[in-house]
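Inside the fold
If you want the building blocks of each chain, they are given just below.
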Amino acid sequence: MTLLEIGFRLQDPLTPEQMSRLAQFANTYGMRRFALSENDTVLRFEYDASRLRNTQVEHVLRMAGIPVAERLTTYAPATATSSFQI
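This text gives an overview of the structure that appears in the document. (Residues numbered from 1 in each chain as written. Predicted model: local features only at pLDDT ≥ 70, side-chain atom pairs only at ≥ 80, totals over all residues. Heavy atoms only, no water.)

Strand order in the open sheet made by the 4 strands is 2-3-1-4, with antiparallel pairing throughout. Of all the strands in the sheet, just strand 2 (31-36) and strand 4 (68-75) have a single pairing partner and so form its edges. Within this sheet the neighbouring strands show an average axis-to-axis angle of 25°, counted without direction. Bridge count between strand 1 (residues 3-10) and strand 3 (residues 42-48): 7 bridges; the pairing is antiparallel. Within strand 3, the residue paired with R9 across the bridge is V42. On top of the sheet, helix 2 (residues 54-63) reaches strand 1, strand 2, strand 3 and strand 4; it is set at about 145° to strand 4, its chief contact. (Pairing = 2+ DSSP bridges. Helix = DSSP H or I, 4+ residues; strand = E, 2+ residues; numbered from the N terminus. Axes fitted to C-alpha atoms, helices over the stretch in contact; angles between N-to-C directions. Contact = heavy atoms within 4.5 Å.)

Structure (structure tokens):
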């Protein structure tokens, strides 16, 4: 398993319904944990890069109705600065 963290800038803050959708598929498709920035403008996901590409993570988010504006840098979790919460 190769874990990476990827960030996405959001177009709008997430609604309670969108947060619920995130919770439902976190830990599926090789997507493990997620966190929102304090101002709710950046969503970060930890995912298994041996199962998924970053473009697939973005696709799953868009299919779930998450308002992704742009993909940000991908990091190995050991060097990432965010803490994860579900």
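This paragraph deals with unusual backbone geometry. In this model, D40 sits at a positive phi of 60°, which is unusual for a non-glycine residue. Inspection of the secondary structure puts D40 in the loop between strand 2 and strand 3. Given a relative accessible area of 32%, D40 falls into the partly exposed group. (Buried < 20%, exposed > 50% of the residue type's maximum accessible area, 1.4 Å probe, protein only.)

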